[in-house]
Amino acid sequence: MSGVAPGNESGTCSERLAAGLHVMAKPIGPICNLDCAYCYYLDKERLYPGATWRMGPATLDAFVRQYIEAQCEAAGEIVFAWQGGEPTLLDPRFFEEVVALQQRYLPPGRRCANTLQTNGLRLDDRWCELFKRHGFLIGISLDGPADLHDRHRVDKQGRPTFAAAWRGLEALQRHQVEYNVLVVVHRHNGDHGRRIYRFFRQAGVRHLQFIPLVEPLGNSARASVGAQPADLVHERSVLPEQYGEFLTGIFDEWVYHDVGRVFVQIFDEALAMWLGREPSLCVFRRRCGRALAIEHNGDVYSCDHFVEPDYRLGNIHQLPLVELADSPRQRQFGEAKETSLPGYCRQCDVRFACQGECPKNRILHTPDGEPGLNYLCAAYQRFFRHIDPVMRAMASEVRAGRPPADVMHRLRAARQAAESAGQPSGGRAAQRNAPCPCGSGRKFKHCCGQASGG
Ligand code: SF4
Ligand code: SF4
């Protein structure tokens with residue numbers, strides 16, 4: 001965390017506010033009713049041999065109290081994030097207790113919210129009534145229609161799970177629970193971006209998140225200069241160019257049809273970054289360190305993707321959460337994301353948006369042989385450059401107090417005009433020689449395209 005004086009373990013409120021603090025809670029550790037081939041958390045069972053895998057009352061009480069205390073008073077809503085494993089393997093009464101503790105410890109005038117990530121299989125009326133009553137925001141994992149979803153998302157007997165997960169989605173819809181669909185993008189669904197997007201839109205889904213699957217094979221592969229990206233990862237991993245096309249294809253569908261109606265997390269994040277705001281997704285922030293993980297027994301780790309003995313910061317029964325989060329070790333972990341960025345990234349035109357993405361994916365060498373380039377570099381260069389004209393136009397609308405959807409209406413009108421003049425646009429969003437989506441009537445390259453991004 002920047003600007004924290006040495007020895008001032010917990011930092012000032014304004015510093016904490018600027019950095020934010022999020023802790024992903026694992027109340028049931030890695031225990032799950034599914035056996036998804038790509039899950040990075042299932043093997044964490046090895047860290048706690050013989051564990052009972054349930055966050056007990058004393059740990060839950062300490063966590064809720066300390067998490068509330070760790071948030072700056074000026075921060076808005078305090079968001080609790082419950083993950084697994086599969087948190088719905090716990091009894092719903094566990095989450096009733098969560099809400100009761102939050103009400104007990106929340107100072108007057110403060111608000112809190114809960115998010116919960118699930119595979120959807122156990123969502124029934126009882127769960128959905130609870131979520132609705134307490135305003136939980138649910139993330140449900142679905143990788144597309146059945147043929148794409150069932151490729152990797154199988155139960156412990158290797159059986160497909162799409163039908164059961166879909167029933168869970170329908171239960172959320174029936175009870176009008178707020179939800180996001182989370183799609184893991186891998187090698188097998190990575191060529192089907194538009195199909196997946198249209199499938200969910202057709203089903204009434206309004207919030208979507210895409211998570212690229214990158215499974216590095218290990219440090220020996222990391223060391224080789226000039227290695228092909230595909231040789232460094234498990235064959236399930238999405239390919240960089242594939243992910244770039246996946247995102248741009250969906251963006252081009254969205255920007256003509258669904259702005260203000262369907263919300264795709266990476267598009268929202270991009271708009272924030274083009275407005276010069278701090279993104280909420282850690283992967284696009286300059287530094288890490290403010291998205292920690294807590295295991296069922298109160299052990300705190302640097303990040304959900306670094307739940308390993310070397311990254312265990314301590315336990316909340318021994319040291320307060322705020323001290324663990326602001327400890328020199330964790331600060332160092334966070335700053336390393338920025339200090340280890342290769343020169344190639346520092347000179348990159350879309351660095352303001354990408355920031356070298358997540359350090360766990362930095363397994364390539366740059367063209368000039370420096371280690372530490374992100375596996376997904378080609379994807380982000382393709383995607384962020386592609387959306388640049390539209391993002392600049394949307395940012396101008398927001399700055400002028402108008403809705404970003406105005407850009408969609410202008411793009412549609414420009415496309416219709418081009419098509420009636422016999423010049424099909426090919427369905428792509430604005431190009432350098434096309435009319436600027438800001439509506440000025442000038443070419444993009446002579447209008448918003450002249451200004452620098454970010
Ligand atoms: S290591 Fe990756 S997932 Fe963890 S905080 Fe940093 S960017 Fe986020
Ligand atoms: S797009 Fe590539 S070069 Fe640019 S910041 Fe991201 S990883 Fe680095």
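Residues numbered from 1 in each chain as written. Chains lettered and ligands numbered in written order. Predicted model: local features only at pLDDT ≥ 70, side-chain atom pairs only at ≥ 80, totals over all residues. Heavy atoms only, no water.

Asks: An account of the overall build of the protein is requested, with residue identities and associated values reported.
Replies: The helix and strand inventory of the protein stands at 16 helices and 12 strands. Expressed as a percentage of the 454 residues in the protein, the buried residues total 54%. Considering only contacts in the protein between residues 6 or more positions apart, those separated by 24 or more positions represent 69%. As displayed, the protein offers around 19,800 Å² of accessible surface, 50% of which is attributable to carbon and sulfur atoms. (Helix = DSSP H or I, 4+ residues; strand = E, 2+ residues; numbered from the N terminus. Buried < 20%, exposed > 50% of the residue type's maximum accessible area, 1.4 Å probe, protein only. Contact = heavy atoms within 4.5 Å. Areas by Shrake-Rupley, 256 points an atom, 1.4 Å probe, with all protein chains shown as cover.)

Asks: Tell me about the environment of Gly-289, and please be specific about residues and values.
Replies: Along the chain, the position of Gly-289 falls in the loop between α10 (265-274) and β8 (291-294). Gly-289 gets classed as buried once you look at its relative accessible area, which sits at 7%. Between the C-alpha atoms of Gly-289 and Arg-331, which are 42 residues apart in sequence, the distance is 6.4 Å. Every residue in contact with Gly-289, bar those within four places of it in the chain, is listed here: Ala-325, Gln-330, Phe-333 and Gly-334.

Asks: Before we move on, could you go through the site of ligand 2 and cite the residues and values that matter?
Replies: In the vicinity of ligand 2, the residues found are Tyr-344, Cys-345, Cys-348, Val-350, Arg-351, Cys-354, Gly-356, Leu-373, Asn-374, Cys-377 and Gln-381. For the shell around ligand 2, the secondary-structure elements that each account for two or more residues are α13 (343-346), α14 (351-354) and α15 (377-399). (Near = heavy atom within 4 Å.)

Asks: Break down the pairing of strand β1 (residues 22-25) for me, with residues and values.
Replies: Along β1, the buried face is formed by Val-23 and Ala-25; none of His-22 and Met-24, which line the opposite face, is buried. Strand direction decides the pairing type here: β1 and β8, joined by four bridges, are parallel. By the bridge assignment, His-22 is partnered in β8 with Ala-291. Of the strand pairs in this sheet, β1 and strand β2 (residues 78-82) are connected by two bridges, and their pairing is parallel. (Pairing = 2+ DSSP bridges.)

Asks: Describe the environment of Ala-395, naming the residues involved and giving the relevant values.
Replies: Within the secondary structure, Ala-395 sits in helix α15. Judged by its relative accessible area of 1%, Ala-395 is buried. Residues Ala-395 and Leu-275 lie 120 residues apart in sequence; the distance between their C-alpha atoms is 5.6 Å. If we skip the residues at most four places from it in the chain, Ala-395 touches Leu-271, Trp-274 and Leu-275.

Asks: Go over the environment of Ala-418, please, and point to the residues and values.
Replies: Secondary-structure assignment places Ala-418 in helix α16 (residues 405-420). Distance in space between the C-alpha atoms of Ala-418 and Ala-434 is 9.9 Å, their sequence separation being 16 residues.

Asks: Describe the pairing of strand β5 (residues 178-185), and please don't skip the residues or the numbers.
Replies: In terms of burial, β5 is a largely internal element, seven of the eight residues being buried. Both strand β4 (residues 137-141) and β5 contribute to a ladder of five bridges, which runs parallel. Along β5, the bridge assignment pairs Gly-139 with Asn-180. Where β5 lies against strand β6 (residues 207-212), five bridges are found, and the strand directions are parallel. Among the inter-strand pairings, Val-185 is bridged to a residue of β6, identified as Pro-212. Between β5 and its parallel partner β6, the chain crosses via helix α7 (residues 193-202), and the hand of that crossover is right-handed. (Right-handed = clockwise from strand over helix to strand, strands pointing away.)

Asks: Could you give an account of the nonpolar core, with specific residues and numbers?
Replies: Counting residues in hydrophobic clusters, the biggest one holds 109 residues, and the most contacted among them are Trp-82 and Phe-384. Ranked by residues supplied to this core, first place goes to α15 with 11 residues. (Core = buried A, V, L, I, M, F, W, Y, C linked by side-chain atoms within 4.5 Å.)

Asks: Break down the packing of helix α2 (residues 57-70) against helix α3 (residues 92-105) for me, with residues and values.
Replies: In contact at an axis separation of 10 Å, α2 and α3 are set at 40° when each is read in the N-to-C sense. Relative to α3, the element α2 is oriented oblique. Here α2 and α3 pass one another in a crossing that is right-handed. The segment α2 lies against α3, with Leu-60, Asp-61, Val-64, Arg-65 and Ile-68 engaging Phe-94, Glu-97, Val-98, Leu-101, Gln-102, Arg-104 and Tyr-105. Tallied by class, the residues present in the contact of α2 with α3 amount to seven nonpolar, one polar and four charged. (Axes fitted to C-alpha atoms, helices over the stretch in contact; angles between N-to-C directions. Parallel < 35°, antiparallel > 145°, perpendicular 65-115°, else oblique. Left-handed = near helix turned anticlockwise from the far one by under 90°. Nonpolar A, V, L, I, M, F, W, Y, C, P; charged D, E, K, R; others polar.)

Asks: Give me the packing of aromatic side chains: which residues, what numbers.
Replies: Centre distance and the angle of the planes are the two values used to describe a pair of aromatic rings. A full pass over the atoms with the stated rule returns 36 aromatic pairs. Each ring, one from Tyr-243 and one from Tyr-380, has its centre 6.2 Å from the other, and the planes form 90°; the classification is edge-to-face. Residue Tyr-243 is found in helix α9 (residues 240-257), and its partner Tyr-380 is found in helix α15; the two are separated by 137 residues along the sequence. An identical accessibility class is assigned to Tyr-243 and Tyr-380; each is buried. Three or more aromatic residues link up through ring pairs in this structure, and these residues are Phe-210, Tyr-243, Phe-246, Phe-251, Trp-254, Phe-267, Trp-274, Phe-284, Phe-352, Tyr-380, Phe-383 and Phe-384. (Phe/Tyr/Trp six-rings, centres within 6.5 Å; stacked < 30°, edge-to-face > 60°.)

Asks: Which residues make up the sheet that holds β5, and what values do they have?
Replies: Pairing is mixed across the open sheet formed by 10 strands, whose spatial order is β7-β6-β5-β4-β3-β2-β1-β8-β9-β10. The open sheet has two edge strands, β7 (263-264) and β10 (312-315), and neither has a second partner.

Asks: Residues and numbers for α7, please.
Replies: All of the buried residues in α7 are Gly-193, Ile-196, Tyr-197, Phe-200 and Arg-201. Viewed along the axis of α7, the buried residues span an arc of 130°, placing them on a single side of the element. Next to the buried residues of α7 lie α5 (146-149), α6 (162-174), β5, β6, α9 and β7. One or two residues past the end of α7 sits Gly-204, with phi positive at roughly 90°. (Arc of directions from axis to C-beta.)

Asks: How would you sum up α9? Please name residues and give values.
Replies: With 18 residues, α9 should reach 26 Å at 1.5 Å per residue; the first-to-last C-alpha distance of 26 Å fits that figure. Among the 18 residues that make up α9, 15 are buried, leaving the element largely enclosed by the rest of the structure. (Expected span 1.5 Å × (residues − 1).)

Asks: I'd like a description of the side chain of Glu-269, backed by residues and values.
Replies: Among the structural elements, Glu-269 can be located in helix α10. An unpaired buried charge is present at Glu-269: no salt bridge exists, and Arg-285, the closest side chain of opposite charge, is 6.9 Å distant. Among residues more than four places away in sequence, those in contact with Glu-269 are Pro-279, Ser-280 and Leu-281. (Lys, Arg positive; Asp, Glu negative; His and termini not counted. Salt bridge = Lys/Arg side-chain N within 4 Å of Asp/Glu carboxyl O.)

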